[in-house]
Amino acid sequence: MSTSSNVLSEEQFLCSVCLDVFTEPVSIPCGHNFCKVCIREYWNSTVLCQCPLCKDTFNRRPEPKTNTTLRDVADHFKRMKVTDGEESSSKPGGVAPVQQMIQERLQKVKEIKYSVELSQRDAEREIAGSVEVFTALVRSIERSQGEVIKEVEEKQKAAERQAERLIEELEQEITELQRRGTGLDHVHLIKRFPSPIKDWSEISVHRDLHVGTVRRALSRLEETLQKEMEKSWDPELRRLQQWSVDVTLDPDTAHCKLIVSEDRKQVSYGDIRQILPDLPERFECYLSVLGKEGFSSGRFHFEVQVRGKIEWQVGVARESIIRKGQTAVSPEGGLWALYMNRNKYVAKDTPPIPLFLSQKPQKVGVFVDYEEGQISFYDVENRSHIYSFIGCIFTEKLYPYLNPCDNEEGPNTAPLVISPVNHTDRIGVQKGNR
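Conventions adopted
- Residues numbered from 1 in each chain as written.
- Predicted model: local features only at pLDDT ≥ 70, side-chain atom pairs only at ≥ 80, totals over all residues.
- Heavy atoms only, no water.
- Helix = DSSP H or I, 4+ residues; strand = E, 2+ residues; numbered from the N terminus.
- Buried < 20%, exposed > 50% of the residue type's maximum accessible area, 1.4 Å probe, protein only.
- Contact = heavy atoms within 4.5 Å.
- Areas by Shrake-Rupley, 256 points an atom, 1.4 Å probe, with all protein chains shown as cover.
- Pairing = 2+ DSSP bridges.
- Core = buried A, V, L, I, M, F, W, Y, C linked by side-chain atoms within 4.5 Å.
- pLDDT = per-residue confidence, 0-100.
- Disulfide = S-S within 2.5 Å.
- Patch = residues over 30% accessible without salt bridge, like charges linked within 9 Å, V, L, I, M, F, W, Y side chains within 5 Å.
- Salt bridge = Lys/Arg side-chain N within 4 Å of Asp/Glu carboxyl O.
- Axes fitted to C-alpha atoms, helices over the stretch in contact; angles between N-to-C directions.
- Phe/Tyr/Trp six-rings, centres within 6.5 Å; stacked < 30°, edge-to-face > 60°.

By the naming in an unreviewed UniProt entry, the protein is E3 ubiquitin-protein ligase TRIM39-like, taken from Salmo trutta.

Shown next, in the form of C-alpha cells:
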C-alpha cells in the first residue's frame, strides 16, 4: 500500500489555500482546483474575484464546478494514508502516534498562517475603506470651510457697500445743510429743504449678519457624515454576517407564559401560565428565553425578526444572569439588550440610552466579538447601525437572549423569530468557540 502512495505525490492533492488534501475539490475557469469551502472563503475575503494562484481576475464571481475525478482520487489518497497509518501502528515499535501528533501540529501551523493571511486581507480592506471615508470627509470639511468663508466675506462686502451708500447719502445731506441752512431756524429749514429730511436715529449697519452661518455648515457636515457612515456600514454588515451561527432556543430556560415553537426558532407570549418543570435555569420574573448554545470566545452573529410587534427585547445574556428573581436589566445584571416599546427604542445600558431611529427595524442583527468586548445591534433590512456596547469584559459564556414581552401595551402576540442568514457567503465560526 505504501508503494502505491509513493507513485502519487502528496503535493498533487494539496489545496493551495488551506495546504491540506482536497475536500470537495472544485475547478474555476482558469483551470486551477481548490477545496470548495476554501475558494469561497478566499473570494469572500478579497475585493477582487481572482484566482489565488495565477491571479486571473473574473468580472463576475464564477460558480465553481465539482471536479469529480480529482475528488475520487483525493478520497482514495486519504484512504491510503489512513491504511498506511494503521499498518505502521500495527508494527512493533511503530511511530504512527508520534507521526499523527506531528501532522496535527503541522496542520495547526497551516491553519494559523491562513488565519493570519485572512486577517491581513481584512486589515488591508479596512484601511482602504477608512482612507476612502476620511478622504471624503476631509474634502467635505474643506469644501464647507470654503463655503463658510465665502458666505461670510460676501456678507461683509454687502455690509460695506451698504455702509458706503449710507455715508454717501449722509455726506450729501451734510453738504446741502451747510449750503442752505445757515442762520435758519428748524421750521424755515424744513420748508426750504428740497426733500424731506431723513430721520437717521434708527438707521445702522447690522453686525449680526453672520449668525447661524457656521451652525448651518456644521449641520450640512453632519448630514454628509451620516451618509458616509451608512456607506461604510453596508460592507461592514456583510462582514459581520460571515460569523452567523445557527441559533436555536432552549425551552428549559423559557418563562412559563412563553410558547417556543417545535423547531425552537420562534417564541411568543401565551398569556396563560403553563405547567412546566421548575428548572433552575428557567426564567421566573422576566418573559425571557435563552439560546441553546453559549459562546465563550471568538465572534458570533444572529438575526431576529421583530416584525408585527409593539414591544420586544433582544440581546445577549451571560450564563449567570439571575433567573428566579429580578435583576438590573443592564450589563451590570448580565444583559446587553436593545428594547422597543411603541416605536421608542432604548439601549439597556447604565443609564438607559434613548435611540432615535429614522426607520423602524423589522429584523435586528446582533454581533458579538468576545475578545474585543463588543456587542453591536443593527437594522438588517435597512443596513444601518443601531447601537454598540464597547469595552465590555466577558468572563463567562454568553447566550442569545429574547424577550417577546406581554400584551399590556396592546396586542403583541406576534413571535420573535430567529431568522436564517445566507451561509454561502460566510467565513464561518472559529472552531472551539462554543
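A.B. asks: Mind showing me how you'd approach the overall build of the protein here?
C.D. replies: When helices and strands are tallied, the protein shows six helices and 16 strands. Scored against the burial criterion, the 434 residues of the protein give a buried share of 37%. Of the contacts formed within the protein by residues at least 6 apart in sequence, a portion of 64% connects residues at least 24 apart. Split by element, the accessible area of the protein, about 26,000 Å² in all, is 53% carbon and sulfur.

A.B. asks: Can you help me understand the pairing of strand S13 (residues 374-379) in this one?
C.D. replies: For a regular strand, the rule is simple: side chains alternate between the two faces of the sheet. Counting buried residues in S13 gives five out of six residues, a clear majority hidden from the surface. Bridge count between strand S12 (residues 363-369) and S13: six bridges; the pairing is antiparallel. Looking at S13, one finds that Asp 369 is bridged to Gln 374. Counting the residues in the hairpin turn of S12 and S13 gives four residues, including Gly 373, whose phi is positive at 65°. Two strands pair when backbone bridges link them, and S13 and strand S14 (residues 384-389) are joined in this way by five bridges, in the antiparallel orientation. Across the sheet, residue Phe 377 finds its bridge partner in S14, namely Tyr 387.

A.B. asks: How do you make sense of the nonpolar core when you look at a structure like this?
C.D. replies: Most often, soluble globular proteins keep nonpolar side chains buried together rather than apart. Grouped together as the largest cluster of nonpolar side chains are 39 residues, with contacts concentrated most on Trp 312 and Ile 375. Those residues in contact with Ile 375 that sit more than four places away from it in its chain are Val 316, Trp 336, Val 366, Phe 367, Val 368, Tyr 387, Ser 388, Phe 389 and Phe 394. Among the nonpolar cores identified, the runner-up in size contains 22 residues, and Cys 18, Val 21, Cys 38 and Tyr 42 belong to it.

A.B. asks: What am I meant to see in the side chain of Asp 250 here?
C.D. replies: Relative to the elements of secondary structure, Asp 250 occurs in the loop between helix H6 (213-241) and strand S4 (258-260). With a relative accessible area of 11%, Asp 250 lands in the buried category. Not counting residues up to four positions away in its chain, the partners in contact with Asp 250 are Val 289, Leu 290, Gly 291 and Lys 292.

A.B. asks: I'm lost on the confidence of the model for the protein in this one. Help?
C.D. replies: Fine structural detail should not be taken from predicted coordinates in areas where pLDDT scores are low. Here the protein averages 82 in pLDDT, while 81% of its residues score no lower than 70. Across the protein, element-level confidence peaks in strand S15 (residues 398-403) with a mean pLDDT of 98 and bottoms out in helix H1 (residues 2-7) with 42. Scored below 50 in pLDDT, residues 1-7 shows nine contacts in the model against residues more than four places distant or in partner chains. Every residue in residues 423-434 is under pLDDT 50, and counting partners more than four places away or in other chains gives 34 contacts.

A.B. asks: What is the right way to read the environment of Val 421 from this model?
C.D. replies: Relative to the elements of secondary structure, Val 421 occurs in the segment after strand S16 (416-419). Taking relative accessible area as the criterion, Val 421 reaches 14% and is therefore assigned buried. Not counting chain neighbours up to four residues away, the residues in contact with Val 421 comprise Gln 241, Ser 244, His 301 and Glu 303.

A.B. asks: Is there a simple way to think about the state of the cysteines in this case?
C.D. replies: Simply put, disulfide is the name for a covalent bond between the sulfur atoms of two cysteines. According to the stated counting rule, one finds zero disulfides in the structure shown. Free cysteine Cys 15: the closest other cysteine sulfur is in Cys 35, separated by 3.9 Å. Cys 54 takes part in no disulfide bond, and the closest cysteine sulfur, belonging to Cys 51, lies 3.6 Å away.

A.B. asks: What exactly am I supposed to notice about a nonpolar patch on the surface here?
C.D. replies: Side chains of Val 98, Ile 102 and Leu 106 sit close together on the surface and give an oily, nonpolar patch of about 250 Å² of accessible area. With respect to the helices, strands and loops of the structure, Val 98 is situated in helix H4 (residues 96-180).

A.B. asks: Explain the pattern of salt bridges to me, please; I cannot follow it from the model alone.
C.D. replies: Should the charged atoms of two oppositely charged side chains come close, the side chains can pair. Following the criterion strictly, the structure yields nine salt bridges and no others. Notably, a salt bridge pairs Arg 71 with Asp 72, separated by 3.5 Å at the nearest N-O pair. With relative accessibility at 43%, the residue Asp 72 sits in the partly exposed group. Among the ionic pairs, Arg 307 bridges to Glu 381, the shortest N-O distance being 2.8 Å. Of this pair, Arg 307 sits in the loop between strand S7 (299-305) and strand S8 (311-318) while Glu 381 is found in the loop between S13 and S14, placing the two residues 74 residues apart along the sequence. The class for Glu 381 is partly exposed, based on a relative accessible area of 42%.

A.B. asks: What's the story with the sheet that holds S16 in this structure? I'm lost.
C.D. replies: Think of a sheet as strands paired side by side through backbone hydrogen bonds, with each pair either parallel or antiparallel. As summarised here, the arrangement of the seven strands in space is S4-S5-S16-S7-S12-S13-S14, forming an open sheet in which the pairing is antiparallel. Edge positions in the sheet fall to S4 and S14, since each has one partner strand and no second. Neighbouring strand axes in the sheet, compared pairwise and without regard to direction, differ in orientation by 20° on average.

A.B. asks: Is there a simple way to think about the packing of aromatic side chains in this case?
C.D. replies: Following the criterion strictly, the structure yields nine aromatic pairs and no others. Seen in terms of ring centroids, Phe 300 and Phe 302 are 6.5 Å apart; in terms of plane orientation they differ by 10°. Their pairing is stacked. Here Phe 300 falls in the buried class, since its relative accessible area comes to 0%. Classification of Phe 302 by relative accessible area gives buried; the value is 1%. The rings of Phe 295, Phe 300 and Phe 302 are connected pair by pair, giving a single aromatic cluster.

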